Amino acid sequence: MKHVKKMKWFILSLTLILILSACSSSGGNTQSANGGQNGSSGGGIKITLLNSKSEIQPQLEEAAKAFHEANPTISLEIQPVPNGGSPFERASTLYASGNPPTMIMLDTGDVAKFKDRILDLSGEKWNADAVEHALDLTTIDGKNYAFPLAIEGYGFIYNKAVVDKAVGGNFDPSTINTTASLENLFKQIEASGKKALVVSPMDWSLGAHYFSLAYAGQDKDMTKVNAFIDDLRAGKVDLASNKVFNGLMDTFDVMTKYNIDQASPLAGTYERGPELLGKGEVGIWFMGNWAWPQISSFDTANKEYGFLPVPISNNAGDYGNQEISSAVSKRIVIDKEKSTPEQQDAAKKFLDWIVYEQQGQDFLVNKANIIPAFKNITLPAADPLGKSIQDYISRGKSEQSMSDLPADHWANVGASMQKYLAKQSDRTTLAKEIQQYWTNVKE
Amino acid sequence: MVTDKGVWSRLRLRLLFTGPTLFAFIAVMIVPFLYGIYLTFTNWDGISTTQSLVGFQNYGSVFKDAEFWKSFGLTLKYVLFTVVFINVLAFLLAYLLTKGLKGQSFFRAGFFLPNLLGGIVLGFIWQFIFNNVLVFMGQKMGIGLFSTSWLSDPNRAFWTLVIVAVWQYAGYMMVIYVAGLTGVPGDILEAASIDGANGWLKMTRMTIPLMVPSFIVCIFLSLQRGFMVYDVNLALTKGGPFKSTELVSMHVYQKAFLSRDYGVGQAEALVLFLIVAVITLLQVYFSKKMEVEA
């Protein structure tokens, strides 16, 4: 009996030790990890960046290497947001587990949510060099919390080889400034034996990009656009009688009419768009400059592509008919909760490196194909789509994209747009659904 | 030996055996569950450092969230069809494959195979089949039903979910039914044949009543999986076209993480939990009553 009792105590204490040691060893691990991050171990300062632009992950890793060579005391690690996850989701999980990265690449609309946890960056030098309006949306109570990384724009991308052939000569994009002239171009492309365009039916494209033109096109003055959004929330807007909404949907009807996927408009995928456009099977695709890497892998037009605005009326002078929608879409913020002052300084140094060092600028513009949001960077965009956007911006022909819409806007409005695209609802229903969304939305 | 010792001593012995499991269970099940219930009373958005208590407001929003009830209704429809089809098909397969057919263990393994694939992979495979393979065949052979993708039609997209679920689980349930069928004693069936019972009578009067435990398990499993399905829904239809196939788990996830309405999402999850718990408990309670002894 005694033997059994001894055995029992032995097992009991063994399990206890196991449990305790399991807990304590993980505690010890995080401590030593933090120690490494603090740089107290003499190995330099270690900082991390959560990257939510997955298409530039390899370029960012290269940039991190170059940055480390220029600043041997700092090593930068790039963590990707897992496929299909949103940066907000990933970042909030990392915060919940007490292990946030030093820098996080967020979408514009999310920055405000993190404001208690991130550093006020108003004192940084690059604030003065940022392009107009780039910091408006991340400035809260007079303090700017985020670094504007990339300008992105969208509209109708045209394949110059196809449209040149269709119009018989050198195509001039400025001739497309009304719904009628756009339809005419579609007809010409069809007459030349190609299909006019492909409408990619993803909810984010239709909801966040196409439909938000209806808000942004209300007025050139952003305060009036914001007032329009407030009215939508308050249920004071009648979309069905709104001029911009109707004009935009008229254009959409034209797009539907010439869509290559008319037979099953919802079956298309994102991957189909760049393939059809690049191979020249269609002349036009509604998308943004981020699609360049995919288009270029199918390119048959000798890299000659450009943007056309999305017309919202038949009056060429109306706002939106000659403007391309663009805005800063990705922002980098710096954590202040768990990062040490040294890490914060290192992160700031990295941001400065991007803006002011020749190597950093080269990474941003030439390697990552990003349109920078800084006036001092004079390198021209490396790809035709970026060039086209830059051209519109420099001529003052740009419209601010809506980048602080509620987080579930794209999914809900996108679903309503898909329904309309599949002809399962009409314009009255669409207007009603969107008004309903806005009166029910949180905040 | 145990009874003559004090309370502490007995507790210690029990803790020795159940302690580690209990610790894990409390840490990963009970604590998150209680914390989740607490979150339903707050207006947390998932990231802010502050949150305020809002009482039962979130539960009010659950009952006002028309989308939630719509997707719940759709889920009920989905569960009804999947439970019926999975079990009917699984039983038929099991019946055929206990008849002593040639190569029956090969067929058993074959039907069980889909269950070894993860839901996400399976969803992508079937997405390819419905979007490309069937459409290609439909167009080449002029079959109108298949010439457009099933996934882009709200009604047919629902049936793709049912088809994939049946394909995935029928084999699994079949294994349970095979075990049940082979467990029916041969002597009573033989006695029944001597008394002049035909095959149908033996099936309905002897085999099925004796197999009630297998039915309980299979219906319980398919009910619970039907209500909780998320992976196939995500990979196959993503809730589309235009949210028409968004089942309730997906809606809850979207509410919490996409709309950033953690409190309401959590409250919806709790309401869902209660409903599913009641339904499955009722099912087990009533079918237990149907059990008989040989």
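Being a predicted model, the structure only gives us computed values, none of them experimental.

J.: Any chance you could explain the overall build of chain B here in plain terms?
T.: Counting its secondary structure elements, chain B contains 12 helices and 0 strands. The linear arrangement of helices and strands in chain B, starting from the amino end, is α-α-α-α-α-α-α-α-α-α-α-α. Expected size for 294 residues packed as a compact globule is a radius of gyration near 19 Å; at 24 Å, chain B overshoots this value by more than 25%. In terms of overall dimensions, chain B has a C-alpha envelope of 80 × 75 × 30 Å along the principal axes. Residues classed as buried in chain B amount to 40% of the 294 residues present. Residue pairs at least 24 apart in sequence account for 68% of intrachain contacts in chain B once pairs closer than 6 positions are excluded. Surface accessibility of chain B: about 15900 Å² in total, with carbon and sulfur atoms responsible for 71%.

J.: I keep staring at the pattern of salt bridges and nothing clicks. Help me out?
T.: All names here are of chain A. Counted according to the given criterion, the structure contains 19 salt bridges over all chains. For lysine 257, the salt bridge goes to glutamate 183, with nearest N and O atoms at 3.2 Å. Linking lysine 257 in helix H9 (residues 243-258) with glutamate 183 in helix H5 (residues 179-191), this pair joins segments that are 74 residues apart in sequence. Note that arginine 272 is salt-bridged to aspartate 261, the shortest N-O span being 2.7 Å.

J.: What's the story with helix H12 (residues 341-356) of chain A in this structure? I'm lost.
T.: Each α-helix winds once per 3.6 residues, and so residues spaced three or four apart point in a common direction. For H12(A), built from 16 residues, the straight-helix expectation of 22 Å at 1.5 Å per residue is met to within 8% by its first-to-last C-alpha distance of 22 Å. Along H12(A), the residues classified as buried are Gln343(A), Gln344(A), Ala346(A), Ala347(A), Lys348(A), Phe350(A), Leu351(A), Trp353(A), Ile354(A) and Val355(A).

J.: What exactly am I supposed to notice about the environment of Phe257(B) here?
T.: Take Phe257(B): it is sitting in helix H11 (residues 248-258). Of the residues examined, Phe257(B) reaches a relative accessible area of 28% and is grouped as partly exposed. Phe257(B) sits 110 residues away from Ser147(B) along the chain, and the two C-alpha atoms are 36 Å apart. Setting aside its immediate chain neighbours within four residues, Phe257(B) contacts Glu89(A) and Tyr262(B).

J.: Explain the interface of chain A and chain B here, please?
T.: How big an interface is tends to be stated in terms of the accessible area lost upon association of its parts. Listed per partner, the contact involves 32 residues of chain A and 27 residues of chain B. Buried surface at the junction of chain A and chain B, both sides included, amounts to about 2800 Å², of which 65% is carbon and sulfur. For the pair chain A and chain B, the number of links is 0 salt bridges. Applying the counting rule to chain A against chain B returns 2 residue pairs in polar contact (both at pLDDT 80 or more). Every element with two or more residues in the side of chain A that touches chain B is listed here: helix H1 (2-38), helix H3 (87-96) and helix H15 (409-421) of chain A.

J.: Teacher, can you tell me more about the pairing of strand E9 (residues 305-308) of chain A here?
T.: Consecutive side chains along a regular strand alternate between the two faces of the sheet. Residue and element names in this part refer to chain A. Burial of E9 is two-sided: the residues Tyr305 and Phe307 facing one way and the residues Gly306 and Leu308 facing the other way are all buried. Sheet topology places strand E6 (residues 147-159) next to E9; 4 bridges connect them, and they run antiparallel. Paired with phenylalanine 156 across the two strands is leucine 308, which belongs to E9.

J.: Which parts of the structure should I look at to understand the packing of aromatic side chains?
T.: Aromatic rings in a pair are described by how distant their centres are and how their planes are angled relative to each other. A complete count under the given rule lists 44 aromatic pairs over all chains for this structure. With 5.2 Å between their ring centres and 75° between their planes, Tyr210(A) and Phe286(A) make a pair best called edge-to-face. Placement of the pair is Tyr210(A) in helix H6 (residues 203-211) and Phe286(A) in strand E8 (residues 282-288), with a sequence separation of 76 residues. On the numbers, 5.5 Å between centres and 40° between planes, the contact of Trp126(B) with Phe130(B) is tilted. One end of the pair is Trp126(B) and the other is Phe130(B), both in helix H5 (residues 119-141) and 4 residues apart, which spans about a single turn. Linked through ring pairs, Tyr154(A), Phe156(A), Tyr210(A), Phe252(A), Phe286(A) and Tyr420(A) together constitute an aromatic cluster. Stacked on the ring of Tyr356(A), the Lys or Arg Lys125(A) has its end atom at 4.0 Å from the ring centre. Lying across the ring of Tyr392(A), Arg395(A) places its NZ or CZ 5.0 Å from the centre.

J.: Would you explain the nonpolar core in this entry?
T.: Here is a general trend for soluble globular proteins: nonpolar side chains tend to be buried in one another's company. Among the nonpolar cores identified, the biggest contains 119 residues, and Met103(A), Phe211(A) and Tyr215(A) are the most heavily contacted of them. In contact with Phe211(A), not counting residues within four places along its chain, are Leu206(A), Leu239(A), Phe245(A), Leu248(A), Met249(A), Val413(A), Met417(A) and Ile434(A). By size, the runner-up hydrophobic cluster in this structure holds 52 residues, among which are Ala94(B), Phe158(B), Met211(B) and Val229(B).

J.: How should I be thinking about helix H6 (residues 154-182) of chain B in this particular structure?
T.: Residues and elements named next belong to chain B. The terminal C-alpha atoms of H6 lie 42 Å apart, and with 29 residues this matches the ideal 42 Å at 1.5 Å per residue to within 8%. For H6, the principal kink sits at tyrosine 169 and spans about 35°. Capping the start of H6 is the job of one residue whose side-chain oxygen sits 3.0 Å from the backbone nitrogen of asparagine 155: aspartate 153.

J.: Before we go on, may I ask you to explain the packing of helix H3 (residues 66-96) of chain B against helix H12 (residues 262-288) of chain B in this structure?
T.: A pair of packed helices can be characterised by two numbers: the angle between their axes and the separation between those axes. All names here are of chain B. H12 packs onto H3 with a crossing angle of 30° between their chain directions and a minimal axis gap of 12 Å. If you check the angle between H3 and H12, you find them roughly parallel. Handedness of the crossing formed by H3 with H12: right-handed. Taken together, the residues of H12 that come into contact with H3 (itself represented by Phe68, Trp69 and Phe72) are Glu268, Val271, Leu272 and Ile275. For the contact of H3 with H12, the residue count by class is 6 nonpolar, no polar and 1 charged.

J.: Can you help me understand the layout of surface pockets in this one?
T.: Rolled over the atoms, a probe sized like a water molecule indicates the empty space that remains. Residue and element names in this part refer to chain A. Approximately 650 Å³ is the volume attributed to the second largest pocket. Around the second largest pocket sit 27 residues that line it, and Val131, Glu132, Ile393, Ser398 and Gln400 are the ones nearest its centre. Elements that contribute at least two residues to the lining of the second largest pocket include exactly strand E10 (324-334), helix H14 (384-394) and strand E11 (398-400). The residue inventory of the lining of the second largest pocket, partitioned by class, reads 13 nonpolar, 8 polar and 6 charged.

J.: I would appreciate a short explanation of unusual backbone geometry in the present structure.
T.: Backbone geometry follows two general trends: most residues other than glycine have a negative phi, and most peptide bonds adopt the trans configuration. All names here are of chain A. For lysine 303, which is not a glycine, the phi torsion comes out positive at approximately 60°. Mapped onto the elements of the fold, lysine 303 is located in the loop between helix H11 (292-296) and E9. Using a relative accessible area of 52% as the deciding quantity, one classes lysine 303 as exposed. Residues other than glycine seldom take positive phi values, yet lysine 423 does so here, at roughly 60°. Looking at the element boundaries, lysine 423 is found in the loop between H15 and helix H16 (427-440). A relative accessible area of 64% places lysine 423 in the exposed class.

J.: Is there a simple way to explain the packing of helix H4 (residues 160-167) of chain A against H5(A) in this structure?
T.: Residue and element names in this part refer to chain A. Packing of H4 against H5 leaves a shortest axis separation of 8 Å and a crossing angle of 90°. By the angle between their directions, the pair H4 and H5 is classed as roughly perpendicular. Only Leu185, Gln188 and Ile189 of H5 make contact with H4, whose side of the interface consists of Val162, Val163, Ala166 and Val167. Among the residues forming the contact of H4 with H5, the class breakdown is 6 nonpolar, 1 polar and no charged.

J.: Even after reading the chapter, I still don't get the confidence of the model for chain B, so can you show me in this structure?
T.: Keep in mind that low pLDDT regions are not for reading the predicted coordinates in detail. Residues and elements named next belong to chain B. When pLDDT is averaged along chain B, the result is 84; 97% of the residues meet or exceed 70. Confidence, expressed as mean pLDDT per element, reaches its minimum in chain B at H5 with 82 and its maximum at H3 with 90. Listed scores for the predicted complex are pTM 0.77 and ipTM 0.73.

Rules used in this analysis
- Residues numbered from 1 in each chain as written.
- Chains lettered and ligands numbered in written order.
- Predicted model: local features only at pLDDT ≥ 70, side-chain atom pairs only at ≥ 80, totals over all residues.
- Heavy atoms only, no water.
- Helix = DSSP H or I, 4+ residues; strand = E, 2+ residues; numbered from the N terminus.
- Rg over C-alpha atoms; globule rule 2.2 N^0.38 Å.
- Buried < 20%, exposed > 50% of the residue type's maximum accessible area, 1.4 Å probe, protein only.
- Contact = heavy atoms within 4.5 Å.
- Areas by Shrake-Rupley, 256 points an atom, 1.4 Å probe, with all protein chains shown as cover.
- Salt bridge = Lys/Arg side-chain N within 4 Å of Asp/Glu carboxyl O.
- Expected span 1.5 Å × (residues − 1).
- Buried area = accessible area lost by both parts, 1.4 Å probe.
- Polar contact = N/O pair within 3.5 Å; in protein donor to acceptor, adjacent residues only side chain to side chain.
- Pairing = 2+ DSSP bridges.
- Phe/Tyr/Trp six-rings, centres within 6.5 Å; stacked < 30°, edge-to-face > 60°.
- Lys NZ or Arg CZ within 6 Å of the ring centre and 35° of its normal.
- Core = buried A, V, L, I, M, F, W, Y, C linked by side-chain atoms within 4.5 Å.
- Bend = angle between axes of the 7 residues up to and from the residue.
- Axes fitted to C-alpha atoms, helices over the stretch in contact; angles between N-to-C directions.
- Parallel < 35°, antiparallel > 145°, perpendicular 65-115°, else oblique.
- Left-handed = near helix turned anticlockwise from the far one by under 90°.
- Nonpolar A, V, L, I, M, F, W, Y, C, P; charged D, E, K, R; others polar.
- 1 Å grid on protein atoms, 1.4 Å probe; cavity = no way out; pocket = protein on both sides within 12 Å on 5 of 7 lines; lining within 4 Å.
- Points joined across faces, edges and corners; volume = space filled by probe spheres on them.
- pLDDT = per-residue confidence, 0-100.

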